[in-house]
Amino acid sequence: MADSEIAGAVKAALAHVEIPGGGTLAGYAGLSEIIVTKGAVALAISVQPGMEAAFGPARDAAKAAAEAVSQGRKVMVSLTSDRAPPQATGQAAAQGRPGPAPKSAVPGVRNIVVVGSGKGGVGKSTVATNLALAFAAEGLRTGILDADLYGPSIPKLLGIEGKPAVREDGIFSPHQAHGLSAMSIGSMLTPGQAVVWRGPMATSALRQLLRETDWGGLDLLVVDLPPGTGDIQISLFQQAELAGAVIVSTPQDLALIDAQKAVDMMKRLSIPLLGLVENMSYFVAPDTGMRYDIFGHGGAADAAPRMGMPFLGEVPLDMAIRETSDAGRPVVAADPGGPQASAFRAIAREILRRNPHLK
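Residues numbered from 1 in each chain as written. Predicted model: local features only at pLDDT ≥ 70, side-chain atom pairs only at ≥ 80, totals over all residues. Heavy atoms only, no water.

J.: Outline the packing of aromatic side chains, listing residues and values.
T.: Tallied over the full model, the rule gives one aromatic pair. Against the face of Phe172 rests Lys74, its NZ or CZ located 4.9 Å from the ring centre. (Phe/Tyr/Trp six-rings, centres within 6.5 Å; stacked < 30°, edge-to-face > 60°. Lys NZ or Arg CZ within 6 Å of the ring centre and 35° of its normal.)

J.: Tell me about helix 7 (residues 231-239), and please be specific about residues and values.
T.: By the burial criterion, the buried members of helix 7 are Ile232, Gln233, Ser235, Leu236, Phe237 and Gln239. On its buried side, helix 7 packs onto strand 4 (109-116), helix 6 (199-211), strand 10 (218-224) and helix 8 (253-268). (Buried < 20%, exposed > 50% of the residue type's maximum accessible area, 1.4 Å probe, protein only. Helix = DSSP H or I, 4+ residues; strand = E, 2+ residues; numbered from the N terminus. Contact = heavy atoms within 4.5 Å.)

J.: Quick rundown of the confidence of the model for the protein chain? Include the residues and the values.
T.: Here the protein chain shows a mean pLDDT of 87. Residues at 70 or above account for 94%. Considering only residues more than four positions removed or in separate chains, one finds that residues 83-99, a stretch of pLDDT under 50, has 16 contacts. (pLDDT = per-residue confidence, 0-100.)

J.: Run through the pairing of strand 2 (residues 40-47), naming residues and quoting values.
T.: Among the eight residues in strand 2, seven count as buried, and that is most of the element. Here strand 1 (residues 35-36) pairs with strand 2 via two bridges, running antiparallel. What sits directly across from Ile35, in strand 2, is Ala42. If you look at the hairpin formed by strand 1 and strand 2, you'll find three residues sitting between the two strands. Relative to strand 3 (residues 74-81), strand 2 is paired through eight bridges, and the arrangement is parallel. Bridge pairing links Ile45 to Leu79 in strand 3. This β-α-β element, strand 2 to helix 2 (residues 56-69) to strand 3, shows right-handed connectivity. (Pairing = 2+ DSSP bridges. Right-handed = clockwise from strand over helix to strand, strands pointing away.)

J.: Which residues make up the sheet that holds strand 9 (residues 180-184), and what values do they have?
T.: Read from one edge to the other, the open sheet built from eight strands follows the order 8-9-5-10-4-11-12-15, with strand pairing classed as mixed. Each end of this open sheet is capped by a strand with a single partner; those strands are strand 8 (175-177) and strand 15 (311-314). The average angle at which neighbouring strand axes cross in this sheet is 25 degrees, direction not considered. Against the sheet, helix 8 contacts strand 11 (244-249) and strand 12 (273-278), and its axis sits at roughly 170 degrees relative to strand 11. Across the sheet, helix 12 (residues 339-354) touches strand 11, strand 12 and strand 15, and the angle it forms with strand 15 is around 170 degrees. (Axes fitted to C-alpha atoms, helices over the stretch in contact; angles between N-to-C directions.)

J.: Give me the side chain of Glu350: which residues, what numbers.
T.: Within the secondary structure, Glu350 is located in helix 12. Among the polar contacts made by the side chain of Glu350, one reaches the side chain of Arg353 at a distance of 2.9 Å. (Polar contact = N/O pair within 3.5 Å; in protein donor to acceptor, adjacent residues only side chain to side chain.)

J.: Give a detailed account of the side chain of Asn111, specifying residues and quantitative values.
T.: By the element assignment, Asn111 lies in strand 4. Sequence-distant contacts of Asn111, defined by excluding residues within four places in its chain, comprise Asp219, Leu220, Leu221, Ala243, His357 and Leu358.

J.: Break down the packing of helix 4 (residues 124-137) against helix 12 for me, with residues and values.
T.: It is the contact of helix 4 with helix 12, at a shortest axis distance of 8 Å, that shows an interaxial angle of 70 degrees. When the axis of helix 4 is compared with that of helix 12, the two are roughly perpendicular. Helix-helix and strand crossings are classified by hand; for helix 4 and helix 12 the assignment is right-handed. Across the interface between the two elements, Thr126, Val127, Asn130, Leu131, Ala134, Phe135 and Ala137 from helix 4 touch Phe344, Arg345, Ile347, Ala348, Ile351 and Leu352 from helix 12. Of the residues contributing to the contact of helix 4 with helix 12, the split by class is ten nonpolar, two polar and one charged. (Parallel < 35°, antiparallel > 145°, perpendicular 65-115°, else oblique. Left-handed = near helix turned anticlockwise from the far one by under 90°. Nonpolar A, V, L, I, M, F, W, Y, C, P; charged D, E, K, R; others polar.)

J.: I'd like a description of helix 4, backed by residues and values.
T.: The terminal C-alpha atoms of helix 4 lie 20 Å apart, and with 14 residues this matches the ideal 20 Å at 1.5 Å per residue to within 8%. Of all the 14 residues making up helix 4, eleven are buried; the element is thus mostly covered by neighbouring parts of the structure. Among all positions of helix 4, only Lys124, Ser125, Val127, Ala128, Thr129, Asn130, Leu131, Ala132, Leu133, Ala134 and Phe135 are buried. Gly139 sits one or two residues past helix 4 and shows a positive phi near 95 degrees. (Expected span 1.5 Å × (residues − 1).)

Structure representation (structure tokens):
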């Protein structure tokens, strides 16, 4: 069946799901568009604040109904309200009023390190992937989660093809690539397919990718964040215990200004800052060996102390890094003893030296 036919079948199945107050979910005004990819079906149910518990059985019934007609696709049903409950602090906490759900550990994962940036185009995903491989090379059982739902690139970087397996209990089995356990929404999309999801559906999808995956006992999960400071980052930071964040920037002032915004968000949400990486730091001409600071040099090293975190190191602008990434064999895996891989290995060692609890 085509994706549109699956969406129609799901909508028809939802006509048999009753909701509080009468009626069925198929005719409910708070039902989102039904999104179908080659590996997943996703929909959201928006309710009035305080009605989440009442709609819980309808959500469960909707998931079961969609699974019956989704032809093996993973079904993701989110239940959202128009606004979050107030934070329970001070007098509100004393009176027992609701606050945000407490952070909790992710099953099968000992530590989570996020890799973020204030803007796109700084090579964050390439750094995150090679950094995960560098941690694995240091003997840590490592995974990577692609949290950039609108622009997933981990499948391309790791050479992953096909959708992930789903166990009978609905739990994902992650892809295995170059010694890493890897999950990405990109594995469930057809080539060129856009993810057209509003914030609540995107954050719900991320929660399920994170918590409904059999990570199998990782020492470290690297999360490749989307650029910027949006809903996905905030949702992750509020629900999961994080060991810390690595910020990626290029040397120029514009990138560092945006990196400062990412740092400010993480400080506001009490995320430990592991350090700053300067990507595309310099270029060495292969024919002459001459070094060129195309984007300037040293900006990140100077900015890191002002941002309140250590400078972790430089990664060069190098054809080998680009070529191996495009080929699905990142440089740390393709040439682990080469100078390009050594840059990532040095950064990983510096992080572990400064944060021995990650080992």
